[in-house]
Amino acid sequence: MKSIREYRDFVLYCIFGAMATGVNMISYHLLYNIAGIGNVISTFLAWLFAVTFAFFTNKFFVFVSFDRSLKTVIRELIGFFSCRISTGILDVVFMYITVDLLGLMPVLLKFISNLIVGIINYLVGKLVIFKKKKKGEKA
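Residues numbered from 1 in each chain as written. Predicted model: local features only at pLDDT ≥ 70, side-chain atom pairs only at ≥ 80, totals over all residues. Heavy atoms only, no water.

A.B. asks: Talk me through the packing of helix α1 (residues 8-34) against helix α2 (residues 39-62); I want residue IDs and the actual numbers.
C.D. replies: Running from N to C, α1 and α2 point in directions that differ by 155 degrees, and their axes come no closer than 8 Å. Put simply, α1 runs roughly antiparallel to α2. Judged by the twist between their axes, the crossing of α1 over α2 is right-handed. Residue composition of the contact of α1 with α2, by class: 18 nonpolar, seven polar and two charged. (Axes fitted to C-alpha atoms, helices over the stretch in contact; angles between N-to-C directions. Helix = DSSP H or I, 4+ residues; strand = E, 2+ residues; numbered from the N terminus. Parallel < 35°, antiparallel > 145°, perpendicular 65-115°, else oblique. Left-handed = near helix turned anticlockwise from the far one by under 90°. Nonpolar A, V, L, I, M, F, W, Y, C, P; charged D, E, K, R; others polar.)

Dropping the structure here:
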């Protein structure tokens, strides 16, 4: 049986992912329901806040990438935001179809969208963006 240490990245990703989802959901609620900003713009802004939060928590706490060299940080930022842009577009399209076109429940569907996006983001973060280098391997 595997210990929790073997699942450390995934457990931390889930914890910080839940926090990023909270940032996303609360931002969306405040922008869409309180401020009256349109669904697509609220979804985009909520995504931007959550992604910024997620980059720092993923870099320093989940995948423990303390390399602060300019080359590494730029590579990680570009990879992270590129992935998040792709899944952000998926989020916006999903929300547009389900909320604006089908008239379904916005908050529930925002949660479902976040789950789908979260799984994709974890896999890309672990396997591509913050991939641990093997000894002797160059960046």
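A.B. asks: How would you sum up helix α3 (residues 70-101)? Please name residues and give values.
C.D. replies: Along its 32 residues, α3 runs 44 Å from first to last C-alpha, staying within 8% of the 46 Å computed at 1.5 Å per residue. Restricting attention to buried positions, one finds in α3 the residues Thr72, Glu76, Phe80, Cys83, Arg84, Thr87, Gly88, Asp91, Met95, Thr98 and Val99. For α3, the elements touching its buried residues are α1, α2 and α4 (106-129). Of the residues flanking the end of α3, it is glycine 103, one or two places downstream, whose phi is positive at about 70 degrees. (Expected span 1.5 Å × (residues − 1). Buried < 20%, exposed > 50% of the residue type's maximum accessible area, 1.4 Å probe, protein only. Contact = heavy atoms within 4.5 Å.)

A.B. asks: Describe the packing of aromatic side chains, listing the residues and the values that go with them.
C.D. replies: For the structure shown, the criterion picks out 13 aromatic pairs. For the ring pair phenylalanine 55 and phenylalanine 80, a centre distance of 5.3 Å and an interplane angle of 75 degrees mean the geometry is edge-to-face. Highlighted residues: phenylalanine 55 in helix α2 and phenylalanine 80 in helix α3, separated in sequence by 25 residues. Judged by its relative accessible area of 0%, phenylalanine 80 falls in the buried class. It is lysine 59 that lies over the ring of phenylalanine 60; its NZ or CZ is 5.5 Å from the centre. The ring of tyrosine 28 carries lysine 110 above its face, with NZ or CZ at 5.8 Å from the centroid. (Phe/Tyr/Trp six-rings, centres within 6.5 Å; stacked < 30°, edge-to-face > 60°. Lys NZ or Arg CZ within 6 Å of the ring centre and 35° of its normal.)

Remember that the coordinates give geometry; whether it matters functionally is a separate question.
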